[in-house]
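Listed below, chain by chain, are the residues.
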Amino acid sequence: MAFTNQIKLILFSQHGMTDTNETMRSLAHRIAPPQFSVIAPNLGFIETLFEIEPLICKVEQVAEQAFIQYPNTAARIIATSLGGVIWVEALSRHPEWWKRIESIVLLGSPIGGADLARIVDPFGWGIGIAKHLGKNRRALAEQITAEIPTLVIAGNIT
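Residues numbered from 1 in each chain as written. Predicted model: local features only at pLDDT ≥ 70, side-chain atom pairs only at ≥ 80, totals over all residues. Heavy atoms only, no water.

S.K.: Explain the environment of Phe50 to me, please; I cannot follow it from the model alone.
M.R.: In this fold, Phe50 is placed in the loop between β2 (36-39) and α2 (53-69). Residue class for Phe50 comes out partly exposed when judged on its relative accessible area of 48%. The spacing of Phe50 and Ile39 is 11 residues in sequence and 23 Å in space, taken between C-alpha atoms. Sequence-distant contacts of Phe50, that is, excluding residues within four places in its chain, are made with Gly128, Ile129 and His132. (Helix = DSSP H or I, 4+ residues; strand = E, 2+ residues; numbered from the N terminus. Buried < 20%, exposed > 50% of the residue type's maximum accessible area, 1.4 Å probe, protein only. Contact = heavy atoms within 4.5 Å.)

Rendered as structure tokens:
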């Protein structure tokens, strides 16, 4: 009889703007019990300054791969700042994932839009990532949080 190391839960841990995955990966490993699979995609320090769509696509690809690899395993999400915005966007595009997500923790994610981003790009002309961080995603978040227990810490969701 072979020993199998059964993964009991997937923990997605997502970093924010001008960061790499090291800090969030470290946090996830500290809070994850044994038999959790920690997945912390590195979106790139520089890449987080420009366009959000490639970042969302990368998170979608990583999540899809994890859901295929662990087909009967639930997941949790912990994300900070831009990482939370990316996950709200990804989840809004994939409601079929919602039944797999046990909970979401958003740390300082500007779901209602970042005031600083609106100052940097007041007319929405497309100044780097500011054009994306200034956007209000409350309606998307409300749909998701109606189905998935969500904790928002120092964020702007209401």
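S.K.: Explanation requested: the pairing of β2 in the structure shown.
M.R.: Within a regular beta strand, the side chains point alternately toward one face of the sheet and then the other, so they alternate between its two faces. Neither face of β2 is exposed, since Phe36 and Val38 on one face and Ser37 and Ile39 on the opposite face are all buried. Direction of pairing for strand β1 (residues 9-14) relative to β2: parallel, over a ladder of four bridges. Bridge pairing in β2 links Leu11 to Val38. In the classification by handedness, the crossover that spans β1, the intervening helix α1 (residues 22-31) and the parallel β2 is right-handed. (Pairing = 2+ DSSP bridges. Right-handed = clockwise from strand over helix to strand, strands pointing away.)

S.K.: So what exactly am I meant to see when it comes to the pattern of salt bridges here?
M.R.: Here the idea is simple: oppositely charged side chains can pair when their charged atoms come close. The tally for this structure, following the rule as stated, stands at six salt bridges. Of the charged contacts in the structure, one is a salt bridge between Glu102 and Arg76, with a shortest N-O distance of 2.9 Å. Highlighted residues: Glu102 in strand β4 (residues 101-107) and Arg76 in strand β3 (residues 74-80), separated in sequence by 26 residues. We classify Arg76 as partly exposed; its relative accessible area is 32%. The partner of Glu89 in a salt bridge is Arg137, with the nearest N and O atoms 2.6 Å apart. Taken together, the positions of Glu89 in helix α3 (residues 82-93) and Arg137 in the loop between α5 (130-133) and α6 (138-145) put the pair 48 residues apart, joining distant regions of the chain. Taken individually, Glu89 and Arg137 each receive the classification buried, so the pair is uniform in this respect. Three or more residues joined by partner-sharing salt bridges are found here, namely Glu53, Glu89, Arg93, Lys135 and Arg137. (Salt bridge = Lys/Arg side-chain N within 4 Å of Asp/Glu carboxyl O.)

S.K.: Looking at this structure, how should I read the pairing of β1?
M.R.: The buried fraction of β1 amounts to six of the six residues, a majority that puts the element mostly inside the structure. Residues Leu9, Leu11 and Ser13 of β1 are buried on one face, and the alternating residues Ile10, Phe12 and Gln14, pointing to the opposite face, are buried as well. Where β1 and β3 come together, six bridges link them in parallel fashion. Across the sheet, the residue bridging to Ser13 is Ile78, located in β3.

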